[in-house]
Amino acid sequence: MSPVSVVAPVSASIAAMYQDALLAHHRAPHNRRVIEAPSASGARKNPVCGDEITVMVSLVGDVVRDVAFTGRSCSIATASASMMTDAVRGLTISESLALADAVDRMLHAAGGSAGSSEAGAEPLPDPLTPLRGVAPFPGRHGCAMLPWQALREALRAPAGNR
Amino acid sequence: MSLRPLAPRADFPLLAANPGLHYLDSAATSQKPAAMLDALRHFYETANANPHRGAYALSALATDAYHDARATIARFVGVADADCLIFTRGTTESMNLVASSWGGVHVGPGDEIVVSALEHHANFVPWQQLALRNGATLRIVELTPTQTIDLDMLRDMIGARTKIVAITHVSNAVGSITPLQEVVRIVRSRSAAVIVVDGAQAVPHLAVNFDALDLDFYAFSGHKLLGPMGIGVLVGRRTLLEAMPPYQFGGDMIEWVRDTDSTWNVLPHKFEAGTPNAADAVALAAAVRYLEGLDMARVRSHEIALLEAAEASVRALPGVTVYGPPPAQRSGVLSFSLADVHPHDLATILDQHGVCIRAGHHCAQPLMRRLGVSATARASFYVYSDGSDVDALVGALTAAQQLFATVD
């Protein structure tokens, strides 16, 4: 543990989960592939490290039927994208965007001195649980949010966006 | 590994309070010795007043302290004419000052500005934007396979159209030392261009003599050489500084202000508008005196020993790529990448081992593109670094590789 670290402590079980689940998603990401002729797509680049993620979505009505991603990124961005594709498949557009907001809140809540606030205790779908392990590392929040921001861009764009 | 620090950790309050910390990001900013912090406090406690403006003894004290600081720093970088040493906020502001004030007037359509592919954004973007605004062409000198400036290419690029050559003394990203005497010889023999040098990473590590180098402008930042943040330097040739228009307007830089127009004060005041950052200038002079006490020749030999040790250990790791030239042509930084570990992940894992490195593009995106990467990991050493820092770095890198090793 860094002697000058002022981050909130992470419980041993979450830390372990972060390590194993994160690495599993990093080594074998789910849905890292191209969707030909997606209904919508969005791309985001992290200017700090040059990582980029493109998210492609197939919609049936307003339901996300299929979601996938491509790009070059660090383990946290890759793992977050991988988990995202598991969590978002089958949700509506508004449910998906609400989930992106929930992930955003979860990451930023845990940095406070009060420890877990309501946002910290807000439930997340099971596939996303390992993302809680990123919350104590503010320097990596941008990595975890990168695929979600690409998703937001895809889902907020007008129909027919490529 | 028994390499000792050149300056004792005990002299640096933050390091003394954090014995498990291995701070290897001095290229980003240096840690601060108590001597500098004491000088800063001492100014505010004993000599604080607005320099130049008051008619009382305390103001005279502040004025003298400010200008003594200027003289000390001028001597440190080989500037005999101390009034040509302008205090700025840092290297970035210094470069913007030259681009705006000298470049704005002298660069026009058909002119060329030459920079290198090594440049930090502070010595790249101002010239790029000046060229775009004024209709000039930006030309970029490319690099040798060890990321030093290609002097043959520089030679071919310099000509009658060249108005500005902006070059780094030491690369912050990969550490390459530019052979400035050779560059000056090439530029002077082929053009009337002004030579602007980014010394931010050089002044902390190497003995610099501005007058001997025959440069036109030289910039550096105090916080990289044990000084406080928010103070830096622009050194300029007197004839150029006197001829160019001011950068900022206001108090102190004027002589007479009529309703319709104004006249300018002499150097250095002409380029120091407003209340000066006297306290930080005084603190920077204290940092300079601390470095002089260590002796810059020993600063350089200490860092070469650390760089050699670090590079040898890092190169022994599997899948490693080291960027930049050999230690004799390099200063301050070891930039590298590991095949299986993204630099960002590397920095996070190293943080958990108490090792601070920088992962990213190091404000040198043009260079990163040429290296074919979006980011590298960078460890940088300074006077308080020692063998235990090298050991901690390598131990943490090994742990990171084990964590990310692909298991088939």
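As the structure is a prediction and not an experimental result, all values here were calculated from the model.

Rules of the game
Residues numbered from 1 in each chain as written. Chains lettered and ligands numbered in written order. Predicted model: local features only at pLDDT ≥ 70, side-chain atom pairs only at ≥ 80, totals over all residues. Helix = DSSP H or I, 4+ residues; strand = E, 2+ residues; numbered from the N terminus. Rg over C-alpha atoms; globule rule 2.2 N^0.38 Å. Buried ≥ 20, exposed ≤ 12 C-beta atoms within 10 Å, placed from the backbone. Contact = placed C-beta atoms within 7 Å. Domains from an automatic or database assignment. Nonpolar A, V, L, I, M, F, W, Y, C, P; charged D, E, K, R; others polar. Axes fitted to C-alpha atoms, helices over the stretch in contact; angles between N-to-C directions. Parallel < 35°, antiparallel > 145°, perpendicular 65-115°, else oblique. Left-handed = near helix turned anticlockwise from the far one by under 90°. Core = buried A, V, L, I, M, F, W, Y, C linked by C-beta atoms within 7 Å. Expected span 1.5 Å × (residues − 1). Bend = angle between axes of the 7 residues up to and from the residue. pLDDT = per-residue confidence, 0-100. Pairing = 2+ DSSP bridges. Right-handed = clockwise from strand over helix to strand, strands pointing away. Arc of directions from axis to C-beta.

## Notes on the overall build of chain B
Now for step 1: Counting secondary structure elements, chain B contains 14 helices and 15 strands.
Now for step 2: Taking 2.2 N^0.38 as the reference for a compact globule, 408 residues should give roughly 22 Å; the C-alpha atoms of chain B span a radius of gyration of 22 Å, in line with that estimate.
Now for step 3: Expressed as a percentage of the 408 residues in chain B, the buried residues total 52%.
Now for step 4: For chain B, the proportion of contacts with a sequence separation of at least 24, taken over those separated by at least 6, is 70%.

## Remarks on the domain arrangement of chain B
Residue and element names in this part refer to chain B.
Now for step 1: Here the domain parsing of chain B yields domain 1 (9-24 + 295-404) and domain 2 (36-292).
Now for step 2: Placing a centre on the C-alpha atoms of domain 1 and another on those of domain 2 gives a separation of 28 Å.
Now for step 3: Between domain 1 and domain 2, the residue contacts involve 21 residues of the former and 24 residues of the latter.
Now for step 4: The element contributing the most residues to the side of domain 1 that touches domain 2 is helix α11 (residues 296-315), with five residues.
Now for step 5: Among the residues forming the side of domain 1 that touches domain 2, the class breakdown is eleven nonpolar, six polar and four charged.

## Digging into the packing of helix α3 (residues 57-76) of chain B against helix α10 (residues 278-294) of chain B
Think of two packed helices as two axes; the pair is described by the angle between the axes and how far apart they sit.
Residue and element names in this part refer to chain B.
Now for step 1: Closest axis-to-axis distance for the α3/α10 pair is 8 Å, and the angle between their directions is 40°. It follows that α3 is oblique to α10 by the angle criterion. The element α3 and its partner α10 pack so that their crossing is left-handed. Residue-level inspection shows Ala62, Ala65, Tyr66, Ala69, Arg70, Thr72, Ile73 and Phe76 of α3 in contact with α10, the latter providing Ala278, Ala281, Val282, Leu284, Ala285, Val288, Arg289 and Glu292.
Now for step 2: Grouping the amino acids of the contact of α3 with α10 by side-chain chemistry returns twelve nonpolar, one polar and three charged.

## Some words on the environment of A:His30
All names here are of chain A.
Now for step 1: Mapped onto the fold, His30 is located in the loop between α1 (12-27) and β1 (40-45).
Now for step 2: Accessibility expressed as a C-beta count within 10 Å gives 19 for His30, which makes it partly exposed.
Now for step 3: Residues His30 and Phe137, spaced 107 residues apart in sequence, show a C-alpha to C-alpha distance of 24 Å.
Now for step 4: Every residue in contact with His30, bar those within four places of it in the chain, is listed here: Ser82, Thr85 and Asp86.

## As for the nonpolar core
The tendency in soluble globular proteins is for nonpolar side chains to be buried as a group.
Residue and element names in this part refer to chain B.
Now for step 1: Ile73, Ile113, Phe217, Val235, Val282 and Ala287 are the most contacted members of the largest nonpolar core, which totals 169 residues.
Now for step 2: The residue makeup of this core includes at least three contributed by each of domain 1 (9-24 + 295-404) and domain 2 (36-292).
Now for step 3: For Phe217, the residues in contact, after removing those within four places along its chain, are Val98, Val194, Val196, Val197, Leu234, Val235 and Gly236.

## A closer look at helix α5 (residues 141-156) of chain A
The α-helix advances 3.6 residues per turn, and as a result positions three or four apart in sequence lie on the same side.
Now for step 1: With 16 residues, α5(A) should cover 22 Å at 1.5 Å per step; its first-to-last C-alpha distance of 22 Å lies within 8% of that length.
Now for step 2: Of all the bends in α5(A), the largest measures some 35° and sits at A:Pro147.
Now for step 3: Where α5(A) is concerned, the buried positions are A:Cys143, A:Ala144, A:Met145, A:Leu146, A:Pro147, A:Trp148, A:Ala150, A:Leu151, A:Ala154 and A:Leu155.
Now for step 4: Looking at the buried positions of α5(A), the neighbouring elements they touch are β1, β2 (52-60), β3 (63-72), α2 (75-88) and α3 (93-109) of chain A together with α12 (343-352) of chain B.

## Section: the interface of chain A and chain B
Now for step 1: Contact with chain A, which involves 14 residues of that partner, is made by 18 residues of chain B.
Now for step 2: Its residues placed into classes, the side of chain A that touches chain B shows eight nonpolar, three polar and three charged.

## Side note on the confidence of the model for chain A
Now for step 1: Looking at chain A as a whole, its pLDDT mean stands at 83, while 78% of the residues score no less than 70.
Now for step 2: This stretch, residues 112-117 of chain A, has a pLDDT under 50; its non-local contacts, to residues over four places away or in other chains, come to six contacts.

## Description of the pairing of strand β4 (residues 137-141) of chain B
Residue and element names in this part refer to chain B.
Now for step 1: The pairing of strand β3 (residues 112-116) with β4 spans five bridges and is parallel. Following the sheet pairing, Ser116 is matched in β4 by Val141.
Now for step 2: Taken together, β3, helix α5 (residues 125-134) and β4 form a β-α-β motif whose crossover is right-handed.

## Considerations on the environment of B:Ala283
Residues and elements named next belong to chain B.
Now for step 1: In this structure, Ala283 sits in helix α10.
Now for step 2: On a C-alpha basis, the gap between Ala283 and Thr398 in space is 40 Å, while along the polypeptide they are 115 residues apart.
Now for step 3: With sequence-adjacent residues up to four places away left out, Ala283 is seen in contact with Met36, Ala39, Leu40, Gly227 and Pro228.

## Section: the sheet that holds strand β6 (residues 194-198) of chain B
Residues and elements named next belong to chain B.
Now for step 1: Judged by pairing direction, the sheet is mixed, and its seven strands sit side by side in the order β2-β8-β7-β6-β5-β3-β4 without closing on themselves. Single-partner strands in this sheet number two, and they are β2 (85-88) and β4. Each adjacent strand pair in this sheet contributes to an overall mean axis angle of 20°, direction not counted.
Now for step 2: Sheet topology note: the β3/strand β5 (residues 162-168) ladder contains four bridges and is parallel. In the strand pairing of β5, Ile113 is matched with Ile164.

## Observations regarding helix α7 (residues 180-190) of chain B
Residue and element names in this part refer to chain B.
Now for step 1: Among all positions of α7, only Leu180, Val183 and Val187 are buried. Mapping the buried residues of α7 onto a view down its axis gives an arc of 60°, with all of them on the same face. The outward face of α7, more than 90 degrees from its buried face, is lined by the exposed residues Gln181 and Ser189.
Now for step 2: In this structure, the buried side of α7 is in contact with α6 (151-157), β5, β6 and α8 (210-213).

## A word on the sheet that holds β1(A)
Residue and element names in this part refer to chain A.
Now for step 1: Taken together, the three strands give an open sheet; going across it, the order is β1-β2-β3, and neighbouring strands pair in antiparallel fashion. This sheet does not close on itself; its edge strands, each paired only once, are β1 and β3. The sheet shows a mean angle of 15° between the axes of neighbouring strands, taken without regard to direction.
Now for step 2: Taken together, the nine bridges between β2 and β3 define a ladder with antiparallel strand orientation. Note on β3: the bridge partner recorded for Met56 is Ala68.
Now for step 3: Along the sheet face, α2 touches β2 and β3 and points at about 170° away from the line of β3.
Now for step 4: Packed onto the sheet, α5 meets β1, β2 and β3 and runs at close to 140° relative to β1.

## As for the pairing of β5(B)
Residues and elements named next belong to chain B.
Now for step 1: Counted residue by residue, β5 has seven buried out of seven residues, so it is predominantly covered.
Now for step 2: Of the strand pairs in this sheet, β5 and β6 are connected by five bridges, and their pairing is parallel. Bridge pairing in β6 links Ile167 to Val197.
Now for step 3: A crossover connection joins β5 to the parallel β6 through α7; in handedness this β-α-β unit is right-handed.

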